[in-house]
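Analysis of the macromolecular model
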Amino acid sequence: MSERRAPISVDGFQKMVERTSVRAKLGFQAHAHMLRHACGYKLANDGTDTRTIQAYLGHKDIRHTVRYTESCRRCGSRGCGETKTCGTR
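The structure presented is a predicted model; accordingly, all values stated were derived computationally and were not measured. (Residues numbered from 1 in each chain as written. Predicted model: local features only at pLDDT ≥ 70, side-chain atom pairs only at ≥ 80, totals over all residues. Heavy atoms only, no water.)

Moving on to the nonpolar core. If you look at the biggest cluster of nonpolar residues, it comprises five residues: Tyr41, Ala44, Ile53, Leu57 and Tyr68. Only α2 (33-45) and α3 (50-57) provide two or more residues apiece to this core. (Core = buried A, V, L, I, M, F, W, Y, C linked by side-chain atoms within 4.5 Å. Buried < 20%, exposed > 50% of the residue type's maximum accessible area, 1.4 Å probe, protein only. Helix = DSSP H or I, 4+ residues; strand = E, 2+ residues; numbered from the N terminus.)

The following block contains the structure:
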């Protein structure tokens, strides 16, 4: 719900995420879909079963879900994400 008690549009939500990321000075352009990935990685790091994550994210193919549970090739941590954002130890 918006401040005006109206539903927030998809476009409005995406713009809100982008504006917030600029104000937060993250150093990269954030977008709304990143929240979906963050949720997948959080569930994997918490030990949630891969099939449960698959159902939650609505993936038809398990191969799209496995990326959240694989270990990072650079740092070895589970659910680290892409190499360019890797928190190498």
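Two elements in contact, α2 and α3, have axes separated by 10 Å at closest approach and are oriented at 160°. If you check the angle between α2 and α3, you find them roughly antiparallel. Relative to α3, the crossing made by α2 is right-handed. Contact residues: α2 offers Arg36, Cys39, Gly40, Leu43 and Ala44, while α3 offers Ile53, Tyr56 and Leu57. Here the contact of α2 with α3 is built from residues that sort into six nonpolar, one polar and one charged. (Axes fitted to C-alpha atoms, helices over the stretch in contact; angles between N-to-C directions. Parallel < 35°, antiparallel > 145°, perpendicular 65-115°, else oblique. Left-handed = near helix turned anticlockwise from the far one by under 90°. Contact = heavy atoms within 4.5 Å. Nonpolar A, V, L, I, M, F, W, Y, C, P; charged D, E, K, R; others polar.)

Assignment of secondary structure puts arginine 67 in the segment after α4 (63-66). Note on arginine 67: relative accessible area 38%, which makes it partly exposed. Residues arginine 67 and histidine 37, spaced 30 residues apart in sequence, show a C-alpha to C-alpha distance of 10.0 Å.

All right, on to unusual backbone geometry then. Notably, arginine 5 is not glycine yet its phi reads approximately 65°, a positive angle. Inspection of the secondary structure assignment puts arginine 5 in the segment before α1 (10-23). You can call arginine 5 exposed: its relative accessible area is 69%. For lysine 25, which is not glycine, the phi torsion reads 55° and is therefore positive. Here lysine 25 is to be found in the loop between α1 and α2. When its relative accessible area of 74% is taken as the criterion, lysine 25 is described as exposed.

To continue, consider a nonpolar patch on the surface. Together, Ile8, Phe13, Met16 and Leu35 line one region of the surface with nonpolar side chains, adding up to about 330 Å² of accessible area. With respect to the element layout, leucine 35 can be found in helix α2. For leucine 35, a relative accessible area of 47% translates into the label partly exposed. (Patch = residues over 30% accessible without salt bridge, like charges linked within 9 Å, V, L, I, M, F, W, Y side chains within 5 Å. Areas by Shrake-Rupley, 256 points an atom, 1.4 Å probe, with all protein chains shown as cover. Salt bridge = Lys/Arg side-chain N within 4 Å of Asp/Glu carboxyl O.)

Following the criterion strictly, the structure yields three salt bridges and no others. In this structure, the salt-bridge partner of lysine 42 is aspartate 46, at a minimum N-O distance of 3.1 Å. Two residues, arginine 63 and aspartate 61, come together in a salt bridge whose shortest N-O distance is 2.6 Å. Accessibility expressed as a relative area gives 67% for arginine 63, which makes it exposed. Given the relative accessible area of 23%, aspartate 61 is considered partly exposed.

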